[in-house]
Amino acid sequence: VVAEEAPDHVLCQLVRAAEYLDGVPVTKTLDLMDAFSWGVAQRLESRPGWLGPLLRLESERLRRYERLMVDRFDRCTVISAADREHIDHPDRQRIEVVANGVDPETFRPRPGRADVDLLFVGNMSYPPNADAADALVREVLPRVRRRLPDCRALVAGTSPTPAVRRLAGDGVEVTGWVDDIASCYARARLFVDPMRFGTGLQNKLLQAMAMALPCVSTPMGDRALGAAPDALRIAEDADGIAAACVDLLTDPVAARELGLAGQRFARERFGWPRAVADLERVLLAAVAEA
């Protein structure tokens, strides 16, 4: 395709696609997106037993490969400064941060009455999301129910693992794939992101905030966002998350203020025009240097 089309520049999406352009004589940018090796390394803590050595081996292979590809591409981008710090390259600061954006037209407040209290969304075959769904239902929800016995939870997103599917029941709904994920945000009173490990930027939080949905997150969820203190409630563990949820569910004024502050933050800091401008700057600079 490169030989036939003679592109000025090629943008390669994700490190797993880098091999297709390795050695191809064309100027190219690699969007690493996340520090995948770091993500695999984090899974070691939650995957004991026979899988541990395989994850350790894969993390090391990915670490070396990421470093190699940074040298072989003209430019590289990554989704957050936190991920950049976990790319094992002596000149990692030349990797440019290009954040994701959120579409304020798709993700905006919708009229209607919420019918669930706590929401978590994501690709439910992704281990950090599956772990977070489990933490929400098995650790956070029971603690909230000590104060609010009728509290209901919704876990939405594609490809739920068998373990995630088994979370359904007793006031917990697991949807699997939905055509319009924004409709799930519109059903909820709070968005809860209890992720304990992972990489990248949490689009789920951006989308919820853009819809003015009050959000509670672990520090891990906020690592790439860097949300303003009034825009996102942060809690370290299940006790703290549950306490924040109870506060917001029983104080509609505080919940509304948090949701509106989150919406302003998401729109001002993560609008698509800003993200696109950053990417365009990187690509045009690479073409100019070719």
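Reading guide: rules and limits
Every chain is numbered independently, its residues counted from 1 as its sequence is written. Where local features are concerned, this predicted model is filtered to residues with pLDDT of at least 70; where side-chain atom pairs are given and counted, the filter is 80 or more; whole-chain, interface and lining totals use all residues. Side-chain numbers come from the whole structure's heavy atoms, not from hydrogens or water. A pair of strands is labelled paired if DSSP reports no fewer than 2 bridges between them. Secondary structure follows DSSP: runs of H or I at least 4 residues long count as helices, runs of E at least 2 residues long count as strands, and numbering of each begins at the N terminus. Only protein chains enter the accessibility calculation, which uses a 1.4 Å probe. A residue is then buried if its area is under 20% of the maximum for its type, exposed if over 50%, and partly exposed in between. Contacts were defined at the residue level, with two residues in contact if any of their heavy atoms lie within 4.5 Å. In protein, a polar contact requires one atom able to donate a hydrogen and another able to accept it; more generally it is a pair of N or O atoms within 3.5 Å, and residues adjacent in sequence count only if both atoms are side-chain atoms. Any Lys or Arg side-chain nitrogen found within 4 Å of a carboxyl oxygen on Asp or Glu counts as a salt bridge. An axis is simply a line fitted to the C-alpha atoms; with a helix, the fit covers only the stretch in contact. Between two such axes, the angle follows the N-to-C directions and lies from 0 to 180 degrees. Assignment of crossover handedness uses the view with strands pointing away from the viewer, where a clockwise path from the first strand over the helix to the second indicates a right-handed crossover.

A. Inspection of the sheet that holds strand E9 (residues 215-217) at higher detail. With respect to topology, six strands assemble into an open sheet ordered E7-E6-E5-E8-E9-E10, the strand pairing being parallel. With partners counted over all chains shown, the strands left at the sheet margins are strand E7 (172-174) and strand E10 (233-234), one partner each. In terms of strand pairing, strand E5 (residues 116-121) meets strand E8 (residues 188-193) through three bridges, oriented parallel. Each bridged residue has a counterpart across the sheet, and for Val116 the counterpart in E8 is Ala188.

B. Quick peek at helix H8 (residues 203-210). The element H8 is extensively covered by neighbouring structure, given that seven of its eight residues are classed as buried. Restricting attention to buried positions, one finds in H8 the residues Lys204, Leu205, Leu206, Gln207, Ala208, Met209 and Ala210. Positive phi shows up at Ala212, right after H8, with a value of about 60 degrees.

C. Region of interest: the environment of Arg189. For Arg189, the location among the structural elements is in strand E8. Between the C-alpha atom of Arg189 and that of Arg113, which follows or precedes it by 76 residues, the distance is 9.1 Å. Contacts of Arg189, omitting those with residues within four sequence positions, involve Ala114, Asp115, Val116, Asp117, Leu213, Pro214 and Leu249. A polar contact of 2.8 Å, which involves the side chain of Arg189, links it to the side chain of Asp117.

D. Representation of the pattern of salt bridges. Here the structure, examined in full by the defined rule, presents 21 salt bridges. The shortest N-O distance in the salt bridge between Asp88 and Arg63 comes to 2.1 Å. Here Arg63 lies in helix H3 (residues 51-72) and Asp88 lies in the loop between helix H4 (81-84) and strand E4 (96-97), a separation of 25 residues in the sequence. One salt bridge in this structure joins Arg94 and Asp91, with 3.5 Å as the shortest N-O distance. Among the residues examined, Asp91 registers a relative accessible area of 39% and is labelled partly exposed. In this structure, a network of salt bridges that share partners links the residues Glu60, Arg63, Arg64, Arg67 and Asp88.

E. Examining the sheet that holds strand E3 (residues 75-78) more closely. Taken in spatial order, the four strands line up as E1-E2-E3-E4 in an open sheet, and their pairing is parallel. Edge positions in the open sheet fall to strand E1 (10-13) and E4, since each of these has one partner strand only. Relative to strand E2 (residues 28-33), E1 is paired through four bridges, and the arrangement is parallel. Within E2, the residue paired with Gln13 across the bridge is Asp31. The strands that helix H12 (residues 272-289) touches are E1, E2, E3 and E4; relative to E3, the one it contacts most, it runs at about 170 degrees.

F. Up close: the pairing of E8. Most of E8 is tucked away: five of the six residues are buried. Relative to E9, E8 runs parallel, the two sharing three bridges. Paired with Asp193 across the two strands is Ser217, which belongs to E9. Note that the unit made of E8, H8 and E9 has a crossover that is right-handed.

G. Quick peek at the environment of Thr77. Here Thr77 shows up in strand E3. Owing to a relative accessible area of 1%, Thr77 belongs among the buried residues under this scheme. Separated by 17 residues in the primary sequence, Thr77 and Arg94 place their C-alpha atoms 8.8 Å from one another. The residues touching Thr77, leaving out its near neighbours within four places in the chain, are Thr29, Leu30, Asp31, Leu32, Met33, Ile95, Glu96, Val98 and Val282. Side chain to side chain, Thr77 and Asp31 meet in a polar contact 3.0 Å long.

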